Amino acid sequence: MYTFAIMTNLSKDPTLAVTKRVMSVLDEKNIDYYFDGEVARALASHKTCEGVDIDVMLVLGGDGTMLTAARRYAPKNVMLLGINLGRVGFLMNCPLEELEKAIDNIIAGNFRAENRMLLYVQVFSQDGKRKFDSYALNEATLTAQSSMRMVDIAIAVDKNKVNRIACSAVLVSSPTGSTGYSLSAGGPVVAPELDVMLITPVCSHSMISCSYVISGDSEVRLTPARSAPMLILDGLPGIDLEIGDQVIIKKADCGAKFVHFKDKNFYSLLGEKLTEWTVDKGEK
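Q: Could you clarify how one ought to interpret helix H3 (residues 63-73) in this entry?
A: For the α-helix, the turn length of 3.6 residues means that residues three or four positions removed from each other point alike. Those residues of H3 lying buried are Thr-65, Met-66, Leu-67, Ala-69, Ala-70, Arg-71 and Tyr-73. Where the residues of H3 are buried, they touch strand S1 (4-8), strand S3 (56-61), strand S4 (79-84), strand S7 (130-136), strand S15 (229-233) and strand S17 (246-260).

Spelled out as structure tokens, the structure:
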């Protein structure tokens, strides 16, 4: 029997009504479950998943919640199932009304764990000292510290110079991130199982600007010049860097495992989500 845990975006479930509904489903099926720390505190429960071997994390919220869950739990080999409480939810492939069916399928083994690439991001100072490191599921963004300012960034792949671009930002994305910020910036949609990374300039001050699709085994090095930039991972609050700092991005040693069911595939989900995003519900 699998051990479950629950992680909830409390801003989307402020009364914990949805969380308690999920708990009741798990209780009815006699499934052991625990809580992410923030949820445990909100429920005044001691059943935190810290130090517990969790098999499946039920993530209640939107894509932002799933991005946090992936960074926190994917390195621990926990499988992730997104219960969509948001609007688009590219990463949340289970509607709330299908929760009980989804849990039954997991218990019966009627699912697949799809491995998604995680990015490992490091920042080094000019003297080679490591200043920061973390994971990202969607993308690493190098942008200006001040709004409406441009950054001048040298891009290298496997220590080979690719380009030097003046732009609003440079994104380095995983295949999962290809449907996020990169897509809005004109980057291609990439099937999530591909072993590639994307480099996408945002609002480049050049007549020639394009995305680069590179091997997932490559190492991307971004070096800012002229002005100090900010590093943003998966839309989190930015980290201020200094001129001459180097940002190195590569595939992490671990991946993020997403629970998928046989009646769902990437392309049908993509069509549904893009339509939902572009067409107002009142017009359907």
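Continuing now.
Q: I'm lost on the pattern of salt bridges in this one. Help?
A: Taken as a whole and judged by the stated rule, the model has 12 salt bridges. Linking Arg-221 and Glu-219 is a salt bridge whose minimum nitrogen-to-oxygen distance equals 3.2 Å. Using a relative accessible area of 17% as the deciding quantity, one classes Arg-221 as buried. The network of salt bridges with common partners includes Lys-29, Glu-100 and Asp-104.

Q: Help me understand the environment of Lys-161, please; the structure alone is not making it clear to me.
A: Assignment of secondary structure puts Lys-161 in strand S10 (residues 160-167). Residue Lys-161 is classed as exposed on the basis of its relative accessible area of 73%. For the pair Lys-161 and Ser-218, spaced 57 residues apart in the sequence, the C-alpha separation amounts to 13 Å. Dropping the residues within four chain positions of it, Lys-161 is found in contact with Ile-155 and Ala-156.

Rules of the game
- Residues numbered from 1 in each chain as written.
- Predicted model: local features only at pLDDT ≥ 70, side-chain atom pairs only at ≥ 80, totals over all residues.
- Heavy atoms only, no water.
- Buried < 20%, exposed > 50% of the residue type's maximum accessible area, 1.4 Å probe, protein only.
- Helix = DSSP H or I, 4+ residues; strand = E, 2+ residues; numbered from the N terminus.
- Contact = heavy atoms within 4.5 Å.
- Salt bridge = Lys/Arg side-chain N within 4 Å of Asp/Glu carboxyl O.

Any link to function would need more than the numbers given here.
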